[in-house]
Amino acid sequence: MSNYYHNSGNNKGTNNLGNSSNSAAGNGKAHAPYNFVPLNEKVVRSEWETWKGLPPFDRYNKDTLSGTIQISLTTKTPLYIRDMKPKMEDDNPVTFFGKSIGEARIPGSSIRGMIRNLVEIASYGKFHFTDRDRRLYYRAVADTSSLGQSYRSDMLDMNGIKPKANPGVLIKEGEEYYIKPSKKVDGVSIFRIDKSHPVFAGMKGFKRIKFIPVREKEHQEEKRIFRYAEVSTVGTTGTDEGYVIKTGNMFKKKREWIIFLSDQNRTPIPVPKKVIEDYKNDITRNEQFDLLNALKNNPNGVPCFYLANQEKVTVFGHNPFFRKPYGKSIGDFIPKALNESETPDISEAIFGNELHAASRVFFEDLFLNPGQKDIFLEKTSPKILASPKPTTFQHYLEQPFGKRTLKEQLVSWKDKGRIRGHKLYWHRDTQKTDAHCWSEGKIVNNTQHTIVTPVKPGIVFTGAIRFENLSPIELGALLFVLKLPENHYHKLGMGKPLGLGSVKIETSVSLSDRNSETGRYTKLFTENTWHLGNNDADDKIKGWISEFERFVLNAIEPSKGNGKLWDTERMKKLKKMLDFGNTQKQNWNEKTRYMQITPVNEFKDRKVLPEPEEV
């Protein structure tokens, strides 16, 4: 007997934050700890216009600026960044980054990623998304929207009373995958069996059995008719051999599946590499139903169900109503104008591109400010996160009538549409010991929880960003997203949906003097440090930021070239997302929690996630 349908500890449960079904958030409105800054309609190109026109990072350029941005970062809520040391404390990396080698720090790579994302948004750049070719999977047996109708049309035959999928055995030969079709008797290859049958006692996954096949007939179940062959005689005295398959515990499910062994007279059907890759990329699949993992422990093959076209498998799964990919990839929902690579945008010009240019900014780690003691909270387990995935298309795709879009009008990943934009997390102050507290309040030792030691609020880290040969516009872009409006903060680290990772960043700038008698190249050292010839330039910060704003505004809306970038409709949405003052609003943590499946399924009506200002 195979054990591949075991409980893997994968966090596929429901979020246990805010359990009141009659709450302010749970009144029929969609809500989430995240929201989106919409895609820009056009890309603002870099002032350098071409990749070859970019100034190099390693040679002197008299028309550009080099120097240092000093950063002071203060935690506003608990902050946790996991240490990357492979093994420590019973293999559970609970320590904060850097602590295993002597001192907690914030890695420069984390700051870099956060700042680059904001520069891409603020500079109206390309949408730099790496999973463009990925196809998302879905299952919509009982969905009452147009998506459910489409799914049932693809997966049910004979006016919706019988599965279209064929049974077979998935095998691997070398690097290639095949499915050996099951045999048929009197046209029947799939059977049902009551899930309370003794054959399932202590069983997990599937096992080989003998059984007596029967003919198909129609069965009345509540208000619907289904056609299947129900088997009752299973054991060592059966006339035929096959597999009995135990699948998930779906609501009201009464029967499991039986299929014949593979038909030795039929040629195995190849499974194309693209189908395998799509299957592997379905990160929302419960691991206990992953057939490719099961095959590693069952090299002789695992029972499965599939659809085929022209003697090639198009999709497969562990039961006849399996998860199937949408017909389009994520990249199909990103406008081509936000994807071209012929010319650099401002973000690419600053941070580099693996094909065309090196970065001209260098992010150092941020170290703990001296004199601070007792900086860590006690070890604890954070609440389990079970977030909606991109398959929740009513959140992730633009809808024709916004939050007022009816269920039957929804655009899904099978339709023509656009993604909603850049995903960001709301600030949430969840330190209180109530239903919304980010922590379980104790260490929970099971496979679903982890253990963390976050930094307390109010702790200060300092470090620097070095820049080489940036234009005033490019330096202004960095400073625009670093120096946020009053009471607007950045988000960093792990646990952002729970409320961790809100940080305040303050900056100062110094420029490298490369020309005067005391400049950068006149000597190597000043006392015990490198002589960089840096001079304070904080008085120039506003001018650089204004120059960046004018450049972007003139490109997207020339009539407003002398205005403020934060006043554009798109940037107002970003500003809403970064406003820490939201945490003081009534029922804020309730309004920005994840939606639940139990005790009430808040996803049932597929309500559309409101815009940031509507939240």
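Residues numbered from 1 in each chain as written. Predicted model: local features only at pLDDT ≥ 70, side-chain atom pairs only at ≥ 80, totals over all residues. Heavy atoms only, no water.

**Student:** What exactly am I supposed to notice about the overall build of the chain here?
**Tutor:** Within the chain, the regular secondary structure consists of 10 helices and 28 strands. By residue count, 52% of the 615 residues in the chain fall in the buried class. Taking the intrachain contacts of the chain between residues at least 6 apart in sequence as the baseline, contacts between residues at least 24 apart amount to 78%. Working note: accessible area of the chain is about 29,900 Å², and carbon and sulfur atoms make up 48% of it. (Helix = DSSP H or I, 4+ residues; strand = E, 2+ residues; numbered from the N terminus. Buried < 20%, exposed > 50% of the residue type's maximum accessible area, 1.4 Å probe, protein only. Contact = heavy atoms within 4.5 Å. Areas by Shrake-Rupley, 256 points an atom, 1.4 Å probe, with all protein chains shown as cover.)

**Student:** Where do I start with the sheet that holds strand β11 (residues 217-221) in this structure?
**Tutor:** Think of a sheet as strands paired side by side through backbone hydrogen bonds, with each pair either parallel or antiparallel. With mixed pairing, the seven strands of this open sheet are ordered in space as β11-β12-β9-β15-β14-β10-β13. Strands with a single pairing partner mark the edges of an open sheet, and in this sheet they are β11 and β13 (234-235). (Pairing = 2+ DSSP bridges.)

**Student:** When you look at the layout of surface pockets in this model, what are you seeing that I'm missing?
**Tutor:** It is the rolling of a water-molecule-sized probe over the atoms that shows where space remains empty. The space that makes up the second largest pocket amounts to roughly 1,400 Å³. The wall of the second largest pocket is formed by 47 residues, among which N117, F127, H128, F129 and T130 lie closest to the centre. Contributions of two or more residues to the lining of the second largest pocket are made by α1 (108-122), β22 (422-425) and β24 (490-491). Element by element, the count of residues in the lining of the second largest pocket is highest for α1, at seven residues. Considering only residue class, the lining of the second largest pocket consists of 18 nonpolar, 15 polar and 14 charged. (1 Å grid on protein atoms, 1.4 Å probe; cavity = no way out; pocket = protein on both sides within 12 Å on 5 of 7 lines; lining within 4 Å. Points joined across faces, edges and corners; volume = space filled by probe spheres on them. Nonpolar A, V, L, I, M, F, W, Y, C, P; charged D, E, K, R; others polar.)

**Student:** Is there a simple way to explain empty space enclosed by the protein in this structure?
**Tutor:** With the rule as written, the count across this model stands at one cavity of 30 Å³ or more. For the largest cavity, the full set of lining residues is Y279, R285, F289, G317, H318, F322 and R323. Here the residues of the lining of the largest cavity are counted per class, giving three nonpolar, two polar and two charged.

**Student:** Which parts of the structure should I look at to understand the sheet that holds strand β7 (residues 166-173)?
**Tutor:** Overall, antiparallel pairing links the five strands, which are arranged β16-β8-β7-β17-β18 in an open sheet. Among the strands making up the open sheet, the edge pair consists of β16 (269-271) and β18 (312-317). Between one strand and the next, the sheet's axes are offset by a mean angle of 50°, whatever the strand orientation. Here β7 runs beside strand β17 (residues 302-309); their pairing, made up of five bridges, is antiparallel. Its bridge partner being in β17, P167 is matched across the sheet by F305. (Axes fitted to C-alpha atoms, helices over the stretch in contact; angles between N-to-C directions.)

**Student:** Would you mind going over the pattern of salt bridges with me for this structure?
**Tutor:** Opposite charge on two side chains allows them to pair when their charged atoms are near. For the structure on display, the rule yields 30 salt bridges. Across the pair K280 and E277 runs a salt bridge whose closest N-O atoms are separated by 4.0 Å. Placement of both K280 and E277 in helix α3 (residues 273-280) is noted, with a separation of three residues, approximately one turn of the helix. Put simply, E569 and K572 hold a salt bridge, and the shortest N to O gap is 3.2 Å. In this pair, E569 and K572 both sit in helix α9 (residues 569-578), three residues apart, roughly one turn of the helix. Here the salt bridges do not stand alone but share partners, grouping R420, K573, E611 and E613 into one network. (Salt bridge = Lys/Arg side-chain N within 4 Å of Asp/Glu carboxyl O.)

**Student:** I'm lost on the nonpolar core in this one. Help?
**Tutor:** For soluble globular proteins, nonpolar side chains are generally found buried alongside one another. If you look at the biggest cluster of nonpolar residues, it comprises 69 residues, and the most contacted ones within it are L73, I111 and I115. The dominant element in this core, judged by the number of residues it contributes, is helix α7 (residues 472-482), at eight residues. Apart from the residues within four sequence positions on either side, L73 is in contact with I106, I111, L366, I459, V460, F461, L492, V503, K504 and I505. If you look at the next biggest cluster of nonpolar residues, it comprises 65 residues, including A30, L136, A140 and Y279. (Core = buried A, V, L, I, M, F, W, Y, C linked by side-chain atoms within 4.5 Å.)

**Student:** How should I be thinking about a positive patch on the surface in this particular structure?
**Tutor:** A contiguous patch of positive charge, built from K29, K403, R404, K575, K576, K585 and K591, is present on the exposed surface. Mapped onto the secondary structure, K575 falls in helix α9. For K575, a relative accessible area of 30% gives the class partly exposed. (Patch = residues over 30% accessible without salt bridge, like charges linked within 9 Å, V, L, I, M, F, W, Y side chains within 5 Å. Lys, Arg positive; Asp, Glu negative; His and termini not counted. Charge placed at Lys NZ, Arg CZ, Asp CG, Glu CD.)

**Student:** Could you clarify how one ought to interpret the packing of aromatic side chains in this entry?
**Tutor:** Each aromatic ring pair is specified by the distance between its two centres and by the angle formed by the two planes. In total, this model carries 23 aromatic pairs according to the counting rule given. Considering the side-chain rings of F206 and Y243, the 5.7 Å spacing of their centres and the 80° angle between planes classify their relative orientation as edge-to-face. Note that F206 is positioned in strand β10 (residues 206-211) and Y243 in strand β14 (residues 240-245), a separation of 37 residues in sequence. Side by side, F206 and Y243 carry an identical accessibility label, which is buried. A centroid spacing of 5.4 Å and a plane angle of 35° characterise the contact between F211 and F260, whose relative ring orientation is tilted. Here the residue F211 occupies a position in strand β10, and F260 occupies one in strand β15 (residues 255-260), the gap between them amounting to 49 residues. (Phe/Tyr/Trp six-rings, centres within 6.5 Å; stacked < 30°, edge-to-face > 60°.)

**Student:** I would appreciate a short explanation of α3 in the present structure.
**Tutor:** An α-helix turns once per 3.6 residues; consequently, residues spaced three or four apart project the same way. Those residues of α3 lying buried are V275, I276, D278 and Y279. End-on, the buried residues of α3 take up no more than an arc of 160°, which puts them together on one face. Of the surrounding elements, those touching the buried residues of α3 are β4 (137-138), β8 (176-181), β16, α4 (291-297) and β18. (Arc of directions from axis to C-beta.)

**Student:** Help me understand the confidence of the model for the chain in this model?
**Tutor:** Low-pLDDT portions of the prediction should not be read for the details of their coordinates. Per-residue confidence for the chain averages 86 on the pLDDT scale, and 89% of its residues sit at or above 70. Under a pLDDT of 50 for its full length, residues 1-26 has, in the predicted model, 85 contacts with residues more than four places off or in other chains. Taken together, the stretch residues 87-91 has pLDDT below 50 and engages in seven contacts with residues farther than four places along the chain or on a different chain. (pLDDT = per-residue confidence, 0-100.)

**Student:** In this structure, what is going on with the environment of V119? I would like to understand it.
**Tutor:** In this structure, V119 sits in helix α1. Along the primary structure V119 and F351 are separated by 232 residues, whereas in three dimensions their C-alpha atoms are 9.8 Å apart. Setting aside anything within four residues of it in sequence, one finds V119 in contact with S347, F351, A477, L478 and V481.

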